[in-house]
Amino acid sequence: MLNKLWRYSHLGLTVSSFLFLLLATITGSFLAFEPIYDKLQPYHINEGEDVTLSELITNLHNQYDEILTIQVDKNYFIKASVFSMDEAGGGEFYINPFNGNKIADIPPKKPFFEFLTNFHRSLFLKTPGRVFVGITCFFLFLIAITGLGLAIKRQGGLLKFYSKIINDKSIQYNHVALGRFLLIPIIVIALSGTYLSMDRFSLLPTVKEIAHQHTLATKDALPFFEFPIFKNTSLKDIQKLEFPFSTDEEDFFVLNLHDKEIKIHQKTGEVVETINYPITKMIAILSFDLHTGVGSIFWSVVLFISSLSILYFLYSGSIITFQRLRSSISNTFKFNQATIIILVGSENGNTKRLGKILQQSLVKAGKKVFLDTLNNYRQYENIDQLLIITSTYGQGEPPSNAGLFLNKLQSIKIIKPFSCHVIGLGSYSYPLFCEFAKKIYSKALLHNDINVPSSNPLLIHNQNYQQFRKWALDWASSLKINLELPMELATKKEKETSFKVIAKQNVIDPYDETFRLTLTTKKLKKVIPGDLIGFTPFDETQERLYSVGKCSNGDLLLSVKRHPSGVCSNFLNELKIDQEVKGKIKKNEDFYLPTKSPQIVLIANGTGIAPFLGMIHQKSQTPIRLYWGTRTKKSEELYKHQIDKSLQKNRLYQYHVAYSKEDSPYNYVQDLILRDEKTMATLLSSGGTIMICGSIIMRDSIYTLLEKICKKYSLQSLEFYLGKKQIVTDCY
Ligand SMILES: Cc1cc2nc3c(=O)[nH]c(=O)nc-3n(C[C@H](O)[C@H](O)[C@H](O)COP(=O)(O)O)c2cc1C
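Cut-off values and rules
Residues numbered from 1 in each chain as written. Predicted model: local features only at pLDDT ≥ 70, side-chain atom pairs only at ≥ 80, totals over all residues. Helix = DSSP H or I, 4+ residues; strand = E, 2+ residues; numbered from the N terminus. Buried ≥ 20, exposed ≤ 12 C-beta atoms within 10 Å, placed from the backbone. Contact = placed C-beta atoms within 7 Å. pLDDT = per-residue confidence, 0-100. UniProt positions renumbered as here; feature names shortened; annotations may be inferred. Pairing = 2+ DSSP bridges. Axes fitted to C-alpha atoms, helices over the stretch in contact; angles between N-to-C directions. Near = placed C-beta within 6 Å. Nonpolar A, V, L, I, M, F, W, Y, C, P; charged D, E, K, R; others polar. Domains from an automatic or database assignment. Right-handed = clockwise from strand over helix to strand, strands pointing away. Expected span 1.5 Å × (residues − 1). Arc of directions from axis to C-beta.

## Examining the overall build of the protein
Each helix and strand counted, the protein has 20 helices and 27 strands in total. For the protein, the residues scored as buried account for 34% of the 732 residues in total. Put simply, 72% of the contacts in the protein that link residues at least 6 apart link residues at least 24 apart.

## Regarding the confidence of the model for the protein
Within the protein, residue pLDDT values average 89, and 96% of them lie at 70 or more. Quick note on the complex model: pTM equals 0.63, ipTM equals 0.98.

## Digging into the environment of Leu290
Structurally, Leu290 can be placed in helix α8 (residues 279-292). When the C-alpha atoms of Leu290 and Ser192 are compared, they prove to be 6.7 Å apart, with 98 residues separating the residues in sequence.

## Some words on the UniProt feature "transmembrane region" (unreviewed entry) in the protein
Using the residue numbers shown here, the UniProt feature "transmembrane region" (unreviewed entry) corresponds to residues 12-33, 131-152, 173-196 and 297-315. Counting secondary structure, residues 12-33 comes out at 95% helix and 0% strand; the distance between its end C-alpha atoms is 31 Å. Along residues 173-196 the backbone is 100% helical and 0% strand, and the end-to-end C-alpha distance reaches 34 Å.

## Comments concerning the sheet that holds strand β6 (residues 238-242)
Taken together, the nine strands give an open sheet; going across it, the order is β4-β3-β2-β1-β6-β7-β8-β9-β5, and neighbouring strands pair in antiparallel fashion. The strands lining the two open edges of the sheet, one partner per strand, are β4 (102-105) and β5 (210-213). Here the average twist between neighbouring strands, direction ignored, is 20°. Here six bridges tie strand β1 (residues 66-72) to strand β2 (residues 78-83), and the two strands are oriented antiparallel to one another. Counted as the bridge partner of Thr69 is Ser81 from β2. Across the face of the sheet, helix α3 (residues 53-63) comes into contact with β1, β2 and β6 while running at roughly 140° to β1.

## Re the site of the ligand
Around the ligand, the surrounding shell holds 25 residues, and the nearest of these are Ser346, Asn350, Thr351, Ser391 and Gly426. Here the shell around the ligand takes three residues from helix α10 (residues 350-364), the largest share from any one element. Among the residues making up the shell around the ligand, the classes are represented as seven nonpolar, 13 polar and five charged. Taken domain by domain, the shell around the ligand gets at least three of its residues from each of domain 1 (2-37 + 112-204 + 302-321) and domain 3 (327-478).

## Notes on the pairing of strand β25 (residues 654-659)
Both strand β24 (residues 624-630) and β25 contribute to a ladder of six bridges, which runs parallel. What sits directly across from Arg625, in β25, is Gln654. A crossover connection joins β24 to the parallel β25 through helix α16 (residues 633-648); in handedness this β-α-β unit is right-handed.

## Here's the deal with unusual backbone geometry
The bulk of non-glycine residues show a negative phi, and the bulk of peptide bonds are trans. Even without being a glycine, Phe124 presents a positive backbone phi close to 60°. Along the polypeptide, Phe124 turns up in the loop between α4 (111-122) and α5 (126-155). If you check the backbone angles, Lys480 has positive phi at about 60° while not being a glycine. Relative to the elements of secondary structure, Lys480 occurs in the loop between α13 (465-478) and β16 (497-508). Lys480 gets classed as exposed once you count the C-beta atoms within 10 Å, which come to 6.

## Thoughts on α5
Compared with an ideal rise of 1.5 Å per residue, which puts 30 residues at 44 Å, α5 spans 43 Å between its outermost C-alpha atoms and is within 8% of the ideal. Looking one or two places after α5, you find Gly156, whose phi comes out positive at around 90°.

## Things to note about α13
The end-to-end C-alpha distance of α13 is 20 Å, a good match for the 20 Å that 14 residues give at a rise of 1.5 Å each. Of all the positions in α13, only Tyr465, Phe468, Arg469, Ala472 and Trp475 are classed as buried. Viewed end-on, α13 has its buried residues packed into an arc of 135°, placing them on one side of the element. Away from its buried face, by an angle of more than 90 degrees, α13 presents the exposed residues Asp474, Ser477 and Ser478. Residues of α13 that are buried in the fold lie against α10, β13 (418-426) and β15 (458-461). Backbone geometry just after α13 places Lys480 at a positive phi near 60°.

Structure (structure tokens):
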């Protein structure tokens, strides 16, 4: 509930201030350059050197007849207003404090920055504009705070705020990953801007300046450059010094330091009065410095990056909102009319979208369907079928609209028994794959009034629509529902690349058939071992992805297991030499050979060896050990030549193979890993990398093994190495 409130506030505030925020941010990002431009002017005091007020006054006094004011700005540029009988000598200009010489005239404010400043402050709408900008700034503060709250929730708590985020290439990832670093400066910008607006409209409580009246111990008159206070005050401590107007003793020197104003007797140099600035004024000065970046190139750059990031957040936030709206729920039937209830658990809308597609198709097929979120589970009077589609977040936790479901399932009395199907959406990148769907499934199993088919739960990786579609069609036909689902989800069209077959080698043993396909393309350089190529056979909609390796001459290499009824493996198997085939190259940066790892272990079973065959040809100084589980010595022959060559050339440091269908001491690649557990432990503790490619079953049992090895050798947890990308996988 709180999460929802937080999210809607974040969204509502952004929508209501969108236009002003956009304009103020664009102008603000340009304005961040003004302090940098100013700071780069050559009028400053040399770093590390400083001058006392008395030395400066002496220098000026030697050159000019009268001094009116001295000012030190945020860049430590010294301005003096002086008078001289000599006509060319007087005026207001920048001076060199070491000799009192004029350095340059004070340039007028650049018209470009002047224009931007006015636009930024009031959007040229005068006072109403200033009010709008002030409110927008306050909204930005609230948006940043609610955003921070949502990011903390997404990360699983404040302590985990800066822990690793798995890059699922989604726009949400960018939104959160960037937000973690830039929300703090954005909050500073927003708070300081709000404070300045409040100050401008006198909305701050008026705190009186505290004045100290000093009793004078009338001393002898001194030349003013001999005053002790001028001798003891350096230029870096002051903002301004005003000289007395007249020789009247009631006219004082007025010295503005950073935190107080001091009045000084013009004859004796005694302090007549000290006025401490009120806290509100001190905060206003700090807010101005923080909001404008004046005096600091570093802070100006931070302001510039933060302003640009606000533009990006507006963009990414709009896309996220659009994705969520696209999947907002509406129903034709009421919950107590429907026979089919679809409940979804979805954080970012992908799961909801599948629920919606299914709902619409079922309504078209004449069914009474009700779609809702898992949190709204209740008693359904006419229910026959309950379809639960849910994603998983964090450490196997429910998405935000599903957290109440398990308790409700236990506590709400079922008035009509029903069948329940559980579909989980998740990602293999997370150790607890589809965990929440699994939890629901096991809780539903315990219920007497719920019939859960044994085929459950269906677990889907990376929102694979085809898998979902196939399940839905099978389920519908088992209930004699004539369901029609779209062949594909509307997505961006990816570019196809043409590949030419240049060699093909098959190995048929009594157990299965695998083949090695060598391809070439004009875009060879674009493909890096570990990337994927997606092929869609003619008359098919389902794309099948293959990990690519490379031969020593740079040609592409696919290793494919032919399934007797596999559409894509047979399609590829039927390709002839010189035939062209279209495919889509998919970048898979997370599965590239690491460049900075001290040691690398490659673990594969079956056709999972393909990307590794490319990697062992890549130039790398790191010792690479390859562990492979295959069926027979015959199937090994397909790649043996290439592996032997890499061993000879020292590209490959070690090669270990296990045969599952031969009389061999090691039948599975897992046996080899167990044998070499010490190597694995040393590799992990020294920052090395383990790459796994092949079947999910093999990957999971390697995970279990590695978990045991980590415990036995007192290393960090498996999650730790997964999080640090010391263990990376590409499994199917
Ligand atoms: C922060 C975050 C945490 C995730 N945690 C898991 C997880 O623990 N297990 C899992 O299988 N998938 C996990 N996923 C993947 C999502 O469940 C998956 O992308 C799902 O399709 C998202 O569906 P939705 O858009 O409907 O929320 C996570 C995704 C994100 C962004």
